[in-house]
Amino acid sequence: MSRFPAARNMVKRSLVDAICCHRVSEGKEQYLLRWKHDEPSQAILSWHDLEDLGSIADFLQIYVGNYVTSLKSGNSSLGVPVQVTSLKRKSPHDEGSTSRASSQDTTTSTSSISAQKLEVYNGILQRKAGDIYPVHPACPSPRMPRIDATTVPTPEMLAAAKAHLADGVKKARRFVRRQFLDQLLRIPGPPVTFVNDRNKETPSLSFTCIQDYVYGEGVSSADAVMLGCTKCRPDMGSDRGCEYTRRCDCLEYATPDFKSQGLSKEEQKAHYEAWQAGELDAAELPKRFPYRLDNDQRTGIKQYVLDGFYLESRNVLYECNPKCKCGPKCKNRLVQKGRTVPLEIFKTQQRGFGLRCPVNLRRGQYIDRYLGELITDHEADAREAFSGRDKASYLFWLDKFANDDGPPGSLRTNDCYVADGEKMGGPTRFINHSCDPNCRLFTVSYNKHDQKIYDLAFFALEDIPAGTELTFDYMDPEEGEAGQAVHEEMDEGTVAVDCLCGAKNCRGKLWM
Ligand SMILES: C[S@@+](CC[C@H](N)C(=O)[O-])C[C@H]1O[C@@H](n2cnc3c(N)ncnc32)[C@H](O)[C@@H]1O
C-alpha cells in the first residue's frame with residue numbers, strides 16, 4: 001500500500017522508478033509512471049500530464065527513448081498491453097485517443113482511461129494481482145470497483161486528489177496509523193504500543209502481524225519425527241519436571257554439565273571446548289538446564305530466566321514439546337509460553353523504527369521471538385537480490401545447524417530456511433542492530449531431530465532499564481570468534497550498510 005503521489009510538487013525524479021509508456025488523452029500527452037516502492041510488485045502506477053512532470057522532463061527525454069527501444073524489442077517491463085509506434089512528440093493535429101492506438105505517428109498505448117467515476121479518492125491505493133483497489137476509511141475497499149492497474153488514476157481521481165490533497169493526506173495518515181494500531185491490539189499477551197514523536201510516519205501497512213511462522217512455498221516441518229521425553233514426570237522435584245534430573249531426553253544434545261563431573265576448572269574448560277568441536281561424546285552426561293529461577297530482591301518478582309552460562313554462550317536451548325510426558329508445568333517450557341513483557345515500537349532518530357520495553361528487564365529475561373515468513377534459501381537470495389543495497393533487511397537464516405564442510409548428510413546452508421520478517425512478523429522485527437547490544441537472539445529447538453525449523457528467541461544480556469532501546473548484534477560472532485574476524489568478513493561482503501549504532505566499539509558497518 002502506498003500513498004498516491006498525485007500533486008505536481010510531488011512529482012520528483014527521485015520518487016519515480018520508471019516511465020512505463022505514454023498516450024494521448026483528451027488532446028493531452030500523458031505518461032504512465034511507476035512510483036518507487038520497497039516491493040516493486042506493489043508499486044503504484046499513475047498517468048500524468050506532461051506539464052505535471054516539470055522537474056523530471058530531462059529524465060523523461062532520456063528514459064522514454066530507452067523505454068521505446070525496449071518496447072520495440074517486445075520487452076515491456078510491466079507486462080501491460082502497450083503499442084508504441086514511435087516517440088515523436090504529439091502533433092497538433094493528433095486527436096486524443098484513450099482507447100485505441102493512434103493512426104498517426106504519435107505515441108499511444110492501448111491502455112484506456114476508464115470512465116468509471118469513483119465515489120472517493122483519497123490517495124491510498126492497494127495493488128493486488130494486477131488490479132488496484134482504492135482504500136478509504138469512509139469507504140472500505142469492498143464497496144469500491146476493481147480497477148485495471150493500467151487505467152488509474154482517472155482524470156476524476158486526479159482532480160479529486162488535487163483538490164483534496166491536504167485533507168486526503170491527513171486522512172490517509174490517520175487511516176494507516178489506525179490500521180497499524182489495530183494490528184498491535186490483536187497481538188496476544190501484554191500490550192504492544194506504538195509511539196512516534198518525531199514525525200507522522202507509521203510502519204507500512206504491507207506489514208502484517210503474525211503469531212507464528214508462516215510457511216512459504218517449499219517449506220515443511222519435521223513435526224512428524226518429533227519425539228517427547230518419556231522418562232520425566234510432572235511431579236518430579238516439586239514440579240520442576242525436567243530441570244530435576246537434567247537427563248531429560250529433550251536435553252540429549254544440550255550443553256553437558258561438566259561441573260557435576262568432579263573436574264577442575266581447566267578440565268571443565270577443555271572438555272567443553274572438545275565437546276563444542278564435536279570431539280567429545282557427552283550423550284550420557286547430565287545436561288546444563290537452560291533456565292534458572294531469578295529472585296529480584298528489589299521488586300520481589302521471582303521468574304525463570306536464561307542461565308548465565310547459556311547467556312554468554314551461543315548454545316542451542318532445547319525445550320520440551322507437546323509430546324513430552326513432563327506436563328505443562330515443566331520448567332523447560334519458557335519461550336513456548338510466549339511473551340510476558342510489554343513492548344513499544346518507536347521512531348528512532350536515524351535508524352527507522354526501533355523497539356523498547358516500557359518496564360525494567362532482568363538479565364536473562366526472555367523478551368519475544370523473531371517471527372516471519374519461512375522461505376527457502378533460494379527464495380531469500382532472490383528477495384535479497386531484488387531489494388537494493390540501501391534497503392532495510394529482515395532476513396534471518398536458520399543456519400545454526402548447517403555444516404557446509406561436514407560429512408555427507410550434513411545440513412548445508414543452501415538447504416536452510418530463512419525467516420523473512422519484512423511483510424509478516426512480530427514486534428521484534430523492529431529491533432535494530434548495535435555493536436554493543438543489550439539482547440541476544442538464541443536458537444530454541446522443540447524437536448531435536450529437526451535442524452531446519454526452530455525458534456529465534458530474544459533474551460536480555462543485562463539488566464535493561466525501562467524505555468531503553470533493545471538492540472542485538474546482527475553479526476553476533478560465535479563464541480571465541482574475534483570481532484575483527486567478523487569485520488574482515490563483512491568487508492568482503494557485497495551488502496554493507498553504515499552502522500549508526502553509536503557504540504564506542506562500533507564496527508562501522510552493518511552486515512545484513
Ligand atoms: C530488522 S530491521 C530493524 C527495523 C527497522 N529500523 C525498521 O524501521 O523497520 C533492520 C534494518 O534497520 C536498519 N538498521 C538497524 N540497525 C541499524 C544500525 N545500527 N545502523 C543503521 N541502520 C540500522 C537497517 O536498514 C537494517 O537493514
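What counts as what
- Going along each chain's sequence as written, the residues are numbered from 1 onward.
- Owing to the predicted nature of the model, reporting of local features is limited to residues with pLDDT of at least 70; listing and counting of side-chain atom pairs is limited to 80 or more, with chain, interface and lining totals taken over all residues.
- Here a helix means four or more residues in a row that DSSP labels H or I, a strand means two or more in a row labelled E, and each is numbered from the N terminus.
- Note on contacts: each residue gets a C-beta atom placed from the backbone, and two residues are in contact if those atoms are within 7 Å.
- Counting other C-beta atoms within 10 Å of its own, a residue is labelled buried from 20 upward, exposed at 12 or fewer, and partly exposed in the gap between, with every C-beta atom placed from the backbone.
- Structurally, a nonpolar core is described as a collection of buried Ala, Val, Leu, Ile, Met, Phe, Trp, Tyr and Cys residues joined by way of C-beta atoms within 7 Å.
- In short, DSSP must find at least two bridges between two strands for them to pair.
- Simply put, an axis is a line fit to the C-alpha atoms, just over the touching stretch for a helix, and the angle between two N-to-C directions goes from 0 to 180 degrees.
- Near residues are defined by distance alone, with the backbone-placed C-beta atom required to lie within 6 Å of the molecule or strand.
- Each residue is assigned to one class: nonpolar for Ala, Val, Leu, Ile, Met, Phe, Trp, Tyr, Cys and Pro, charged for Asp, Glu, Lys and Arg, and polar for all the others, Gly among them.
- Confidence per residue, as judged by the predictor, is encoded in pLDDT with a range of 0 to 100.

1. A look at the environment of E373
Examined against the element boundaries, E373 turns out to sit in strand β17 (residues 373-376). Once the C-alpha coordinates of E373 and Y291 are considered, the two residues, 82 residues apart in sequence, prove to be 28 Å apart. For E373, the residues in contact, after removing those within four places along its chain, are V214, G216, D420, K423 and M424.

2. Section: unusual backbone geometry
Of note in this structure, D239 is not a glycine but carries a positive phi near 70°. Examined against the element boundaries, D239 turns out to sit in the loop between β10 (214-215) and α4 (242-245). The phi torsion at R246 lies on the positive side, around 60°, for a residue other than glycine. Tracing the backbone shows R246 in the loop between α4 and α5 (265-276). A count of 17 C-beta atoms within 10 Å places R246 in the partly exposed class.

3. Digging into the nonpolar core
If you look at the biggest cluster of nonpolar residues, it comprises 57 residues, and the most contacted ones within it are C229, C242, C250, C439, A457, F458 and F459. Once residues within four sequence positions are removed from consideration, C229 is found in contact with C242, C248, D249, C250, C320, C324, K325 and C326. In terms of nonpolar packing, the next biggest core, distinct from the first, is built from five residues, C435, Y474, C499 and C501 among them.

4. Some thoughts on the sheet that holds strand β14 (residues 343-347)
Taken in spatial order, the three strands line up as β8-β14-β15 in an open sheet, and their pairing is mixed. Both edges of this open sheet fall to β8 (192-195) and β15 (353-356), since each of them pairs with a single strand only. When strand polarity is set aside, the average angle formed by the axes of neighbouring strands in this sheet is 25°. Direction of pairing for β14 relative to β15: antiparallel, over a ladder of four bridges. Residue pairing across strands places E344 opposite R356, the latter belonging to β15.

5. Describing the site of the ligand
Close contacts around the ligand come from 16 residues, with G352, F353, A392, N432 and L500 the closest. Looking at side-chain class alone, the shell around the ligand contains 10 nonpolar, four polar and two charged residues.

6. Comments concerning the confidence of the model for the protein
Taken residue by residue, the protein gives an average pLDDT of 73. The fraction at 70 or more is 61%. Taken together, the stretch residues 130-149 has pLDDT below 50 and engages in 40 contacts with residues farther than four places along the chain or on a different chain. Taken as a whole, residues 484-494 scores under 50 in pLDDT and shows nine contacts with residues more than four places along the chain or in a different chain. Overall fold confidence for the complex sits at a pTM of 0.71, while the interface term, ipTM, reaches 1.00.

7. Concerning the pairing of β14
Of the pairings in the sheet, the one linking β8 to β14 comprises four bridges and is parallel in character. Residue pairing for β14: T193 is matched across the bridge by E344. Counted between consecutive antiparallel strands, the loop separating β14 from β15 contains five residues, among which G352 sits at a positive phi close to 65°.

8. A closer look at the sheet that holds β10
The strand order across the open sheet formed by four strands is β10-β17-β19-β18, and the pairing between neighbours is mixed. Strands with a single pairing partner mark the edges of an open sheet, and in this sheet they are β10 and β18 (395-397). Where β18 and strand β19 (residues 417-420) come together, three bridges link them in antiparallel fashion. By the bridge assignment, W397 is partnered in β19 with V418.

9. A short note on the environment of C439
With respect to the helices and strands, C439 occurs in strand β22 (residues 439-445). Considering only alpha carbons, one finds C439 and S221, 218 residues apart in sequence, at a separation of 28 Å. Once you skip the residues sitting within four places of it in the chain, C439 turns out to touch I367, F458, F459, A460, L461, L470, T471 and F472.

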